[in-house]
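What follows is each chain in one-letter form.
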Amino acid sequence: MSVPSLSGASTVEHDAALAPLTTLQVGGPARTLVRAGSTDDLVAVVRAADEAGDDLLLVSGGSNLVISDAGFAGTVLQVATRGIEVLQDEPGGSVVVRAAAGEPWDAFVAHAVEQGWSGIEALSGIPGCVGSTPIQNVGAYGQDVSQTITEVQVLDRETGEVRELSTQECAFSYRDSLFKRTQKGSTGRYVVLSVTFTLERSDLSQPVGYAALAQGLDVSMGERVPLAAAREAVLAQRRQRGMVWDADDHDTWSCGSFFTNPIIPAAQMDEVRAHVIERMGPNAPEPPEFEAGEGMVKTSAAWLIDKAGYGKGYAMPGPAALSTKHPLAITNRGGARASDVAALAREIREGVEDAFGVRLVNEPVFVGHQL
């Protein structure tokens, strides 16, 4: 691909290291790395790559990627756009704010808290950038971005047009969206350019909807607390689990939760309970269970992993091992390769399926290899 003329906000590099662009810190080089600092450059590079038939991979915060050791023999486009714009602000009402896709997510959450914008405070500490959040409908501690997103501006790679998608058109569901379901090669059909949120103008959080968070705040479920207090409590919870990235802490060199919580038919949950009793005896603890729609239940991937014999710190000292703080995070202990991460993930997935009959689904995207 011939890289189009770009503004001074963007750069081009060849045979560029990709591991430092990811929170897992694994992966080989890119043939070409373009850092797009403006939306116009972002659109121009995607269009040029598609017209040339070049493989394209988008990277923003790199928190949800496991790039192969061979790297990427195409164009990697790092989304580095910036900008937060208030579109509407009603005192005592709502505020409508649009953020560029490349805005770091946690910095955006911190800004919202400082401004008295309520609705995303429980999503503090999540790595990555704004544009990544609608793709898998990022959520934590009782909040999902789909609750506050009102519009996503995208480049439609099938038509080459820039368009706006409503919340309904995004078709959000648990850790899923239209964007995940319309893949085209290594990058989806839709390239997110900006995201518009409608937040509440308030110094109070949304009702606390997660038991551990309520306990940490010493409040009852459903209570509202000062925004700053909610953010700090969430960050404290995440740090306890190694879920706030820190270059000096290998427990945080991960993709966060590596597997999604399984949603299975209620009849299969009965089979899971039977497997638990068979494995652990009649006094075995009950596996977590939450309603997930008609005839379906959601259970805990972390619980299944732990009870299948893969507890915190499994496979230490590595080079790839489970976090010493949380069994749901596969971490790079230093020097791990993507193949090491994939091998451990396969071992855990197969072990859980053998133990409980549930096949776990990976949350991060594998590039250039498969799980």
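About the cut-offs
- Residues numbered from 1 in each chain as written.
- Predicted model: local features only at pLDDT ≥ 70, side-chain atom pairs only at ≥ 80, totals over all residues.
- Heavy atoms only, no water.
- Core = buried A, V, L, I, M, F, W, Y, C linked by side-chain atoms within 4.5 Å.
- Buried < 20%, exposed > 50% of the residue type's maximum accessible area, 1.4 Å probe, protein only.
- Helix = DSSP H or I, 4+ residues; strand = E, 2+ residues; numbered from the N terminus.
- Contact = heavy atoms within 4.5 Å.
- Pairing = 2+ DSSP bridges.
- Axes fitted to C-alpha atoms, helices over the stretch in contact; angles between N-to-C directions.
- Polar contact = N/O pair within 3.5 Å; in protein donor to acceptor, adjacent residues only side chain to side chain.
- Expected span 1.5 Å × (residues − 1).

1. Section: the nonpolar core
Membership of the largest hydrophobic core comes to 52 residues, with the highest contact counts inside it found for Leu77, Trp105, Phe108, Ile120, Val152, Phe197 and Leu199. When residues of this core are assigned to their parent elements, the largest contribution, seven residues, is made by strand S15 (residues 190–201). Sequence-distant contacts of Val152, defined by excluding residues within four places in its chain, comprise Pro134, Arg163, Glu164, Leu165, Cys170, Phe179, Val192, Ser194 and Val195.

2. Some points on the sheet that holds strand S18 (residues 296–298)
Here three strands make up an open sheet; going across it, the order is S16-S18-S17 and the pairing antiparallel. Two strands lie at the open edges of the sheet, namely strand S16 (263–265) and strand S17 (290–291), each paired on one side alone. With two bridges joining them, S17 and S18 adopt antiparallel strand pairing. Its bridge partner lying in S18, Glu291 is registered against Val297. Helix-sheet contacts for helix H7 (residues 266–280) involve S16 and S18, and the interaxial angle to S16 is about 95°.

3. Re the side chain of Thr75
Positionally, Thr75 belongs in strand S5 (residues 72–79). Here the side chain of Thr75 touches Arg31 through a polar contact of 3.4 Å, side chain to side chain. Apart from the residues lying within four places of it in its own chain, the contact partners of Thr75 are Met1, Arg31, Thr32, Val34, Val45, Asp54, Asp55, Leu56 and Leu57.

4. Notes on helix H1 (residues 39–52)
Along an α-helix, residues three or four apart share an orientation, since each turn contains 3.6 residues. Taking 1.5 Å of rise per residue, 14 residues should cover 20 Å, and H1 covers 20 Å from first to last C-alpha, within 8% of that figure. Within H1 the residues assigned to the buried category are Asp41, Leu42, Val43, Val45, Val46, Ala48 and Ala49. Elements in contact with the buried residues of H1: strand S2 (29–36), strand S3 (56–59), S5, strand S11 (149–156), strand S12 (161–166) and S15. Of the residues trailing H1, Gly53 is marked for its positive phi of about 70°.

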